Amino acid sequence: MMPNPLRLNAVAFISPQNHPILIRTFSKQDELKYHYIAHTSLDVIEERANSSTKSTECYLGLLYAIEDVAVYGYMTPLKVKIVLALGLSDTVVRDVEIATVFKALHMAFYSSISNPFLKLDAPNAGNDQYPFLLVGGVKWKNFRRRVDEISRVVGTVTPVSNT
């Protein structure tokens, strides 16, 4: 008997300045719910990042569980936060599986922002979060496609939104 795949409901990429880069939902439930979850997870992420035990580990583990969703966090070395919302189920979720998903998402983001042919043309060069906000824009179809592919491999369906 094969184990049930993880049920990925949403993934959020949040800039170092706590602005949403991309919030992608994979559940037919309320999209606003996952925006709320992404923003409320920032407090827990900041608390863990600023804890007395400074760790070089990017994976922050289970942040909290709310209703039928378990929320996990990850912070890249450049302080970009990645939040996963998984549907709660009776199956055991191992940290290794979640960390692997985070690493794949991190590499998808990294390879997208490292693309020398994709121009990050910010109209205001002094606004340092603007290039991150462009990541969720129209020109970043390949990044969204990679996120969709990772979610498909994890065991979810096609996305409902592309906010």
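Up top is the structure these notes are about.
In this text the structure is predicted, and so the values were computed from the model without any measurement.

K.L.:
Can you help me understand the nonpolar core in this one?
P.N.:
The tendency in soluble globular proteins is for nonpolar side chains to be buried as a group. Core analysis: the largest hydrophobic core is formed by 28 residues, its most contacted members being Phe 13, Leu 84 and Leu 105. Every residue in contact with Phe 13, bar those within four places of it in the chain, is listed here: His 19, Pro 20, Ile 21, Leu 22, Lys 81, Ile 82, Leu 105, Phe 109, Phe 143 and Val 147. Of all hydrophobic cores here, the second largest spans 17 residues; its members include Ala 10, Ile 23, Ile 45 and Val 71.

K.L.:
How do you make sense of the pattern of salt bridges when you look at a structure like this?
P.N.:
Side chains that carry opposite charge are capable of pairing whenever their charged atoms lie near each other. What the rule picks out here adds up to six salt bridges. The salt bridge involving Glu 46 is made with Lys 81; its shortest N-O contact spans 3.6 Å. Of this pair, Glu 46 sits in helix 1 (residues 31-49) while Lys 81 is found in strand 5 (residues 81-87), placing the two residues 35 residues apart along the sequence. Judged by relative accessible area, which is 28%, Glu 46 ranks as partly exposed. Residue Arg 152 is joined to Glu 149 by a salt bridge in which the shortest nitrogen-to-oxygen separation is 2.5 Å. With a gap of three residues between them, Arg 152 and Glu 149 both fall in helix 4 (residues 141-154), about one helical turn apart. Taken together, the shared-partner salt bridges in this structure form one network comprising Lys 33, Glu 67 and Asp 68.

The rules behind the values
Residues numbered from 1 in each chain as written. Predicted model: local features only at pLDDT ≥ 70, side-chain atom pairs only at ≥ 80, totals over all residues. Heavy atoms only, no water. Core = buried A, V, L, I, M, F, W, Y, C linked by side-chain atoms within 4.5 Å. Buried < 20%, exposed > 50% of the residue type's maximum accessible area, 1.4 Å probe, protein only. Contact = heavy atoms within 4.5 Å. Salt bridge = Lys/Arg side-chain N within 4 Å of Asp/Glu carboxyl O. Helix = DSSP H or I, 4+ residues; strand = E, 2+ residues; numbered from the N terminus.

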